[in-house]
Amino acid sequence: MAGQRPTLFLVHEPERACSERLLDDGFSRQAAMEISSYLAQSTDMAPEFAALIEACAVRGLDFRAVELDDAATVLASVDRGASLVWTLTDGIAYFRGGAAPALARLNGLKTVGADDSLFALCQDKFRAGAVLSALGLPVPTAGLVRGGEWLVEPPASSSGYFVKPNRLGAKIGIWKDSRIAKSGDALALGRRVFDAYRDDVIVQPYVAGRNVRASFLAVDPKVGPEALGIVFVDSGGDFQTMADSMALYGDTGTAAREAGQYVEPELVQVASVQPRAAESIKRIAARLMAGLGLRDVFSLDFRVEADDTVHLIEFEVCPGLPCFDFRAYCRTEWQLSLAEAMAETAARRIG
């Protein structure tokens, strides 16, 4: 398709397609709904497509949203020199979005974001934690439970432990009782998660502090960690659960809003309260960009203690772009709407 107008292709996996596949694989309807809610950003992004078409047109680009099931055919037919692929939803296990950057590489296409190896790594929290630890980053050491049996036991902890599924995001499988006092209590949670979702759980020493999200979008390809948006995310509790997440995003979030149950967490700039912690987070991000290869767009989750001690919890190569926190980041850091920020990012890379 030589001579094609420069085009941004946004590849995404819809909740519906994921849920249908999980049901076919024997998951319960409830579990399929909960698991596919991870893809809520695909649902929440759809209303932005018209704005993306307009924002791209202003910058001399076309925009095309591509469902993941169509991506292999579409990406094999486009003009290599005039195409840019942005993967909206990741995944290698329950979700399949990690195939999109690999398809782009197979077809010699430019991409926004990290290379496809990181799409696989970030979806396995236990392996990712081992890599982050090897880089000397402050990540809690984790144990691993499969079903009701230990594969790796966690270190001793006087503060208790936190238990979460190994390959599921969006707080899926995190309940109010996911913080436990004794490591042995993780075995029952591991059985519950395995029975519902067929996933392992990681068991980390509980770390105190406030939840922090660091968001990054290199609208200007030359920027580094100084362009991070680093905010406390205060939701009224010590940690967010699956119920909290499902009330914010996607189809379940729409239902919660219609029922008057939507409560958006408060965002507070970390630098305004704990500037030393904010600088530590920037240094950690610089290490991840240099040592791990994060680039273009990503997010990092932390716990920050009152004495400025910083704990890196996990990283995402496909942050929830239409989520309230990333929208706020685009407005604060770049003075752009989400659609404008995405279109400008693409325009500066596609040439």
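Preceding this section is the structure that the text describes.
On a predicted model such as this, the values are computed, not experimentally measured, just so you know.

Definitions and cut-offs
Residues numbered from 1 in each chain as written. Predicted model: local features only at pLDDT ≥ 70, side-chain atom pairs only at ≥ 80, totals over all residues. Heavy atoms only, no water. Helix = DSSP H or I, 4+ residues; strand = E, 2+ residues; numbered from the N terminus. Rg over C-alpha atoms; globule rule 2.2 N^0.38 Å. Buried < 20%, exposed > 50% of the residue type's maximum accessible area, 1.4 Å probe, protein only. Contact = heavy atoms within 4.5 Å. Areas by Shrake-Rupley, 256 points an atom, 1.4 Å probe, with all protein chains shown as cover. Lys, Arg positive; Asp, Glu negative; His and termini not counted. Charge placed at Lys NZ, Arg CZ, Asp CG, Glu CD. Pairing = 2+ DSSP bridges. Phe/Tyr/Trp six-rings, centres within 6.5 Å; stacked < 30°, edge-to-face > 60°. Axes fitted to C-alpha atoms, helices over the stretch in contact; angles between N-to-C directions. Disulfide = S-S within 2.5 Å. Expected span 1.5 Å × (residues − 1). Arc of directions from axis to C-beta. Left-handed = near helix turned anticlockwise from the far one by under 90°. Nonpolar A, V, L, I, M, F, W, Y, C, P; charged D, E, K, R; others polar.

Participant: In this structure, what is going on with the overall build of the protein chain? I would like to understand it.
Facilitator: Within the protein chain one finds 14 helices and 14 strands. A compact globule built from 351 residues would reach a C-alpha radius of gyration of about 20 Å, and the protein chain, at 20 Å, matches this within 12%. Along the longest, intermediate and shortest principal axes, the C-alpha atoms of the protein chain span 65 × 50 × 45 Å. The 351 residues of the protein chain split such that 57% are buried. Contacts in the protein chain between residues at least 24 apart in sequence constitute 74% of all its contacts with a sequence separation of at least 6. When the accessible surface of the protein chain is totalled, it reaches about 14,700 Å², and 51% of it is carbon and sulfur. Of the charged side chains in the protein chain, 36 are positive and 46 negative, and the gap between their average positions amounts to 3 Å.

Participant: What is the right way to look at the pairing of strand S6 (residues 149-152) in this model?
Facilitator: For a regular strand, side-chain orientation follows a simple rule: the groups alternate between the two sheet faces. Bridge count for strand S5 (residues 143-146) against S6 is 3 bridges, and the pairing is antiparallel. Of the residues in S6, the one forming a bridge with Val145 is Trp150.

Participant: Explain the packing of aromatic side chains to me, please; I cannot follow it from the model alone.
Facilitator: To describe a pair of aromatic rings, you give the distance between the ring centres and the angle between the ring planes. All told, the structure shown has 7 aromatic pairs when counted by the stated rule. Ring geometry for Phe49 and Phe63: centres 5.8 Å apart, planes at 45°, overall tilted. Placement of the pair is Phe49 in helix H4 (residues 49-58) and Phe63 in strand S2 (residues 62-67), with a sequence separation of 14 residues. In this structure Phe49 comes out as buried when scored by relative accessible area, which is 17%. In this structure Phe63 comes out as buried when scored by relative accessible area, which is 12%. Summarising the aromatic geometry, the rings of Trp175 and Tyr197 are spaced 6.5 Å apart at their centres and angled 20° between planes, so their arrangement reads as stacked.

Participant: I tried to follow the sheet that holds strand S13 (residues 297-304) on my own but got confused; where do I start?
Facilitator: The pairing of strands in a sheet comes from backbone hydrogen bonds and takes either a parallel or an antiparallel form. Spatially, 5 strands are ordered S12-S11-S10-S13-S14 in an open sheet, and the strand pairing comes out antiparallel. Strands at the two margins of the open sheet, each flanked by one partner only, are strand S12 (266-269) and strand S14 (310-316). Mean inter-strand twist for the sheet, computed between neighbouring axes without regard to direction, equals 30°. Bridge analysis of strand S10 (residues 210-217) against strand S11 (residues 229-234) gives 4 bridges, and the strand direction is antiparallel. Counted as the bridge partner of Val212 is Phe232 from S11.

Participant: Would you mind showing me how to read the side chain of Glu48 here?
Facilitator: Checked against the element boundaries, Glu48 lands in the loop between helix H3 (40-45) and H4. Taking the relative accessible area as the measure of exposure, Glu48 reaches 14% and is therefore buried. The contact partners of Glu48, leaving out residues within four places of it in the chain, are Arg327 and Ala339.

Participant: How should the sheet that holds strand S3 (residues 83-87) be read in this particular structure?
Facilitator: Pairing in this open sheet of 4 strands is parallel, and the strands run S2-S1-S3-S4 from one edge to the other. Pairing within the sheet leaves two strands with one partner each, and these edge strands are S2 and strand S4 (110-112). Going from strand to strand, the sheet's axes swing by 25° on average, the running direction of each strand aside. Here S3 pairs with S4 via 3 bridges, running parallel. Its bridge partner lying in S4, Leu84 is registered against Lys110. Sheet contacts for H4: strand S1 (7-12) and S2; angle to S2, the most-contacted strand, approximately 145°.

Participant: Would you mind going over the state of the cysteines with me for this structure?
Facilitator: By definition, a disulfide links the sulfur atoms of two cysteine residues through a covalent bond. The full count for this structure, using the stated rule, is 0 disulfides. Left unpaired, Cys18 is separated from the closest cysteine sulfur, that of Cys318, by 14 Å. Residue classification places Cys18 among the buried residues on the basis of a relative accessible area of 0%. Left without a disulfide partner, Cys122 is nearest to the cysteine sulfur of Cys318, which lies 7.2 Å away. You can call Cys122 buried: its relative accessible area is 8%.

Participant: Hey, could you run me through helix H9 (residues 186-197) in this one?
Facilitator: Think of an α-helix as turning once every 3.6 residues; residues three or four places apart then point the same way. In this model H9 runs 16 Å from its N-terminal to its C-terminal C-alpha over 12 residues, within 8% of the 16 Å that 1.5 Å per residue would give. Taken together, the buried positions of H9 are occupied by Ala186, Leu189, Gly190, Val193 and Tyr197. Buried residues along H9 cover an arc of 105° about the axis, so they all sit on one side. Just downstream of H9, Arg198 is the residue with a positive phi angle, here 60°.

Participant: I tried to follow the packing of helix H1 (residues 15-24) against helix H2 (residues 29-36) on my own but got confused; where do I start?
Facilitator: Each packed pair of helices is defined by two parameters, the angle between the axes and the distance between the axes. Where H1 meets H2, the closest approach of the two axes is 9 Å, and the angle between their N-to-C directions is 145°. The two elements H1 and H2 meet at a crossing, and its hand is right-handed. On the side of H1, the interface is formed by Glu15, Cys18, Ser19, Leu22 and Leu23, while H2 contributes Arg29, Ala32, Ile35 and Ser36. When the residues that make up the contact of H1 with H2 are grouped by side-chain class, the tally is 5 nonpolar, 2 polar and 2 charged.

Participant: Explanation requested: unusual backbone geometry in the structure shown.
Facilitator: Both trends apply: most residues other than glycine have a negative phi, and most peptide bonds are in trans. Even without being glycine, Asp296 reaches a positive phi, approximately 70°. Tracing the backbone shows Asp296 in the loop between helix H12 (275-291) and S13.

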